[in-house]
Amino acid sequence: MLHLQIKPAGQSAYAERVLVTPNFLRFDGGGMEGVYVLFDRRTQTIYSVSPQDKDVLTIRHRSVTVKPQKPLVLRETSRPYADAPSIAGKAPRHYTFFAGGERCYDVVAVPGLLEDARRALAAFRATLAGQQALDYGRTPTSPQSACEQARLIFAPTRYLQHGFPIQGWGPRGQARRLLDFKLKKPVAAALFHLPSGYRYYTVDAQGMHDIPAPRP
């Protein structure tokens, strides 16, 4: 169980809980109710559940087959994180990621920390990238900057490659921080169930359409 603080650019910070099991990854606000996102690690499928609307956006894994419209030059630097204590016997390092000459994001990562959670988050990001790639170059809202293209489509897991990120921040004020984590924390099995009686739908190259609910 991970507890994070998330601050989007230009918005107030909010708390996020992440639950990691061998089969699932769940993002929520810390309770049983409200909107939540469930990632099935076995099928690499994302389910975004909205109790208010009684629907579930389903995102299936697909490979990114599009290419950047312009060459996307990626670069990163690293250095020791000054005055930081070791965590689980490992020293944090400070990484800075660039794309197209633009500074995109800074991360403080700890190698070997929460390794299974790191792998699960990387698989989740890869599935999101496949969905983002569907609209790339086709709509005005598709990623435009080199940093957006790297983060959302072409290098979605690079900030996770050097260890679990305990802190991260971007040039527009966005930030995220690991506040706490608990290993082998018992939680209710119901947290990893998908609702019945909801509308399940997906968005693909043909647009939005309903799909059957997954079998329990």
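Rules and cut-offs
Residues numbered from 1 in each chain as written. Predicted model: local features only at pLDDT ≥ 70, side-chain atom pairs only at ≥ 80, totals over all residues. Heavy atoms only, no water. Helix = DSSP H or I, 4+ residues; strand = E, 2+ residues; numbered from the N terminus. Rg over C-alpha atoms; globule rule 2.2 N^0.38 Å. Buried < 20%, exposed > 50% of the residue type's maximum accessible area, 1.4 Å probe, protein only. Contact = heavy atoms within 4.5 Å. Areas by Shrake-Rupley, 256 points an atom, 1.4 Å probe, with all protein chains shown as cover. 1 Å grid on protein atoms, 1.4 Å probe; cavity = no way out; pocket = protein on both sides within 12 Å on 5 of 7 lines; lining within 4 Å. Points joined across faces, edges and corners; volume = space filled by probe spheres on them. Nonpolar A, V, L, I, M, F, W, Y, C, P; charged D, E, K, R; others polar. Core = buried A, V, L, I, M, F, W, Y, C linked by side-chain atoms within 4.5 Å. Disulfide = S-S within 2.5 Å. Polar contact = N/O pair within 3.5 Å; in protein donor to acceptor, adjacent residues only side chain to side chain. Axes fitted to C-alpha atoms, helices over the stretch in contact; angles between N-to-C directions. Parallel < 35°, antiparallel > 145°, perpendicular 65-115°, else oblique. Pairing = 2+ DSSP bridges. Phe/Tyr/Trp six-rings, centres within 6.5 Å; stacked < 30°, edge-to-face > 60°.

Participant: How should I be thinking about the overall build of the protein in this particular structure?
Facilitator: A tally of regular secondary structure across the protein gives two helices and 13 strands. Against the 2.2 N^0.38 benchmark of 17 Å for 216 residues, the protein shows a C-alpha radius of gyration of 18 Å, consistent with a compact globule. Of all 216 residues assigned to the protein, the portion counted as buried reaches 41%. Sequence-distant contacts, at least 24 apart, represent 55% of the contacts inside the protein between residues at least 6 apart. Carbon and sulfur atoms provide 53% of the accessible area of the protein, an area that totals close to 12,100 Å².

Participant: Teacher, can you tell me more about empty space enclosed by the protein here?
Facilitator: The method is simple in principle: a probe with the dimensions of a water molecule rolls over the atoms, and the space it marks as empty is what remains. By the definition in use, this model includes one cavity of 30 Å³ or more. Around the largest cavity sit Leu2, Leu4, Val18, Leu121, Tyr159, Phe164, Pro165, Ile166, Arg176, Arg177 and Leu178, which together line it. Along the lines of polarity and charge, the residues of the lining of the largest cavity split into nine nonpolar, no polar and two charged.

Participant: What is the right way to look at the nonpolar core in this model?
Facilitator: Note that soluble globular proteins tend to have their nonpolar side chains buried in a common cluster. If you look at the biggest cluster of nonpolar residues, it comprises 35 residues, and the most contacted ones within it are Leu2, Leu25, Phe27, Leu114, Phe124, Phe164 and Leu178. Put simply, the parts of the chain that give this core at least two residues each are strand S1 (2-7), strand S3 (24-28), strand S4 (36-40), strand S8 (93-99), strand S9 (102-110), helix H1 (115-135), helix H2 (146-154) and strand S10 (164-169). For this core, the element with the most residues is S9, which contributes six residues. Residues contacting Leu25, with those up to four places away along its chain left out, are Val18, Leu19, Val20, Val37, Leu38, Phe39, Arg41, Ala120, Leu121 and Phe124. Counting 13 residues, the second-largest nonpolar core is a separate cluster that includes Phe24, Leu191, Tyr198 and Tyr200.

Participant: Looking at this structure, I do not really get the state of the cysteines. What am I missing?
Facilitator: Here is the idea: a disulfide is a covalent bond, and it sits between the sulfur atoms of two cysteines. In total, this model carries one disulfide according to the counting rule given. Disulfide partner of Cys104: Cys147, at an S-S distance of 1.9 Å. Looking down the S-S bond of the Cys104 and Cys147 bridge, the torsion is -85°, so its handedness is left-handed. Taken together, the residues span a long stretch of sequence, with Cys104 in strand S9 and Cys147 in helix H2 at a distance of 43 residues. Of the two residues, Cys104 and Cys147, both sit in the buried class.

Participant: Even after reading the chapter, I still don't get the side chain of Thr45, so can you show me in this structure?
Facilitator: Summarising the element assignment, Thr45 is placed in strand S5 (residues 45-50). Judged by its relative accessible area of 7%, Thr45 is buried. A polar side-chain atom of Thr45 sits 3.0 Å from a polar atom in the side chain of Thr43. Setting aside residues no more than four positions away along its own chain, Thr45 makes contact with Leu38, Phe39, Asp40, Thr58, Ile59 and Arg60.

Participant: Teacher, can you tell me more about the packing of H1 against H2 here?
Facilitator: The packing of two helices is summarised by the inter-axis angle and the distance between the axes. Running from N to C, H1 and H2 point in directions that differ by 115°, and their axes come no closer than 7 Å. Between H1 and H2, the crossing angle belongs to the class labelled roughly perpendicular. Residue-level inspection shows Arg125, Ala129, Gln132 and Ala133 of H1 in contact with H2, the latter providing Arg151, Leu152 and Ile153.

Participant: Could you clarify how one ought to interpret the pairing of strand S12 (residues 199-204) in this entry?
Facilitator: It is a general feature of regular strands that their side chains alternate between the two faces of the sheet. The sheet contact formed by strand S6 (residues 55-59) and S12 spans three bridges and is parallel. Opposite Asp55, over in S12, you have Arg199 as the bridge partner. Relative to strand S13 (residues 207-210), S12 runs antiparallel, the two being bridged by four bridges. For Thr202, the partnering residue across the bridge sits in S13 and is His209. Turn length for the S12-S13 hairpin, with the two strands adjacent in sequence and antiparallel, is two residues.

Participant: Teacher, can you tell me more about the packing of aromatic side chains here?
Facilitator: Aromatic ring pairs: the centre-centre distance and the angle between the two ring planes describe each pair. A complete count under the given rule lists four aromatic pairs for this structure. Consider the rings of Phe24 and Phe192, whose centres lie 5.9 Å apart with planes at 20°: the pair is stacked. Here Phe192 lies in the loop between strand S11 (175-181) and S12 and Phe24 lies in strand S3, a separation of 168 residues in the sequence. The residues Phe24 and Phe192 share a single accessibility class, namely buried. Between the aromatic rings of Phe27 and Phe124, the centroid separation amounts to 4.8 Å while the plane-to-plane angle is 40°, which identifies the pairing as tilted. A residue pair is termed long-range when its members are at least 10 positions apart, and Phe27 in strand S3 and Phe124 in helix H1 qualify at 97 residues. The class of Phe27 is buried, set by a relative accessible area of 11%.

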